[in-house]
Amino acid sequence: MQGLIERYMKCSRGGQPEPAAIETQPDMTLWQTLKHISEQKGPDAKEEINKLKQEIEVLQKGLRYMFGGNAAEMSLDELIEIEKHLEIWIEQIRSIKMDIMLKEIQLLRNKEGILKAANQYLQDK
């Protein structure tokens with residue numbers, strides 16, 4: 001949850017996060033922190049924070065469902081929202097996996113080049 005707040009803070013300030021607003025009160029709950037931020041930033045921030053609260057609630061319901069909860073308790077909109085987040089996460093995971101695989105391929109190509117050079121050196125000898 002802290003990461004979600006920090007990501008919000010970073011995006012809402014054009015890449016210039018203000019972690020001091022959150023870190024000054026480490027014993028605050030997530031909702032208290034959001035309320036604290038909304039009081040500092042005015043009505044526009046309150047609307048954005050309400051959207052974040054709704055998103056957090058949907059994600060929490062999704063987590064409860066994934067760990068043995070009942071999907072019948074969730075509305076269609078909540079299930080669609082969770083599905084959207086899962087698709088985003090899967091895309092990110094696949095992207096990271098591809099990056100790792102490409103790095104491994106490059107390392108293997110480097111090793112191949114070294115082995116070919118060593119083999120050629122030994123054949124010439």
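Residues numbered from 1 in each chain as written. Predicted model: local features only at pLDDT ≥ 70, side-chain atom pairs only at ≥ 80, totals over all residues. Heavy atoms only, no water.

(A) The arrangement of the overall build of the chain in detail. Helix and strand content of the chain: five helices and zero strands. Seen in sequence order, the chain has helices and strands lined up from the N terminus as α-α-α-α-α. A total of 125 residues make up the chain; the buried ones form 20% of that total. (Helix = DSSP H or I, 4+ residues; strand = E, 2+ residues; numbered from the N terminus. Buried < 20%, exposed > 50% of the residue type's maximum accessible area, 1.4 Å probe, protein only.)

(B) Local environment of a nonpolar patch on the surface. A cluster of nonpolar side chains, namely L63, Y65, M66, F67, L86, I88, W89 and I93, defines an oily patch on the protein surface of about 830 Å² accessible area. Of all the elements, helix α5 (residues 76–124) adds the most residues to the nonpolar patch, at four residues. Residue position: L63 is located in helix α4 (residues 43–66). On the accessibility criterion, L63 (42% relative accessible area) is partly exposed. (Patch = residues over 30% accessible without salt bridge, like charges linked within 9 Å, V, L, I, M, F, W, Y side chains within 5 Å. Areas by Shrake-Rupley, 256 points an atom, 1.4 Å probe, with all protein chains shown as cover. Salt bridge = Lys/Arg side-chain N within 4 Å of Asp/Glu carboxyl O.)

(C) Examining the confidence of the model for the chain more closely. Averaged over all residues, the pLDDT of the chain is 77; the fraction at 70 or higher stands at 65%. Across the chain, α5 holds the top mean pLDDT of 92, while helix α2 (residues 20–23) sits lowest at 46. (pLDDT = per-residue confidence, 0-100.)

(D) Representation of α5 in the model. A rise of 1.5 Å per residue sets the reference length of α5, with its 49 residues, at 72 Å; its end C-alpha atoms lie 71 Å apart and thus fit the reference within 8%. Among all positions of α5, only E78, I82 and H85 are buried. (Expected span 1.5 Å × (residues − 1).)

(E) Molecular detail of the pattern of salt bridges. Considering all chains together, one arrives at three salt bridges under this definition. Between K84 and E81 there is a salt bridge, and its shortest N-O distance comes to 3.4 Å. Pair noted here: K84 and E81 are both in helix α5, with a separation of three residues, about one helical turn. Relative accessible area serves as the criterion here: at 24%, E81 is assigned to the partly exposed category. The shortest N-O distance in the salt bridge between E112 and K116 comes to 3.5 Å. Of the two residues, E112 and K116 are both situated in helix α5; the distance of four residues between them amounts to about one turn of the helix.

(F) Spatial organisation of the side chain of H85. Locating H85 in the fold gives a position in helix α5. Not counting residues within four places of it along the chain, the set of residues in contact with H85 comprises E55 and L59. (Contact = heavy atoms within 4.5 Å.)

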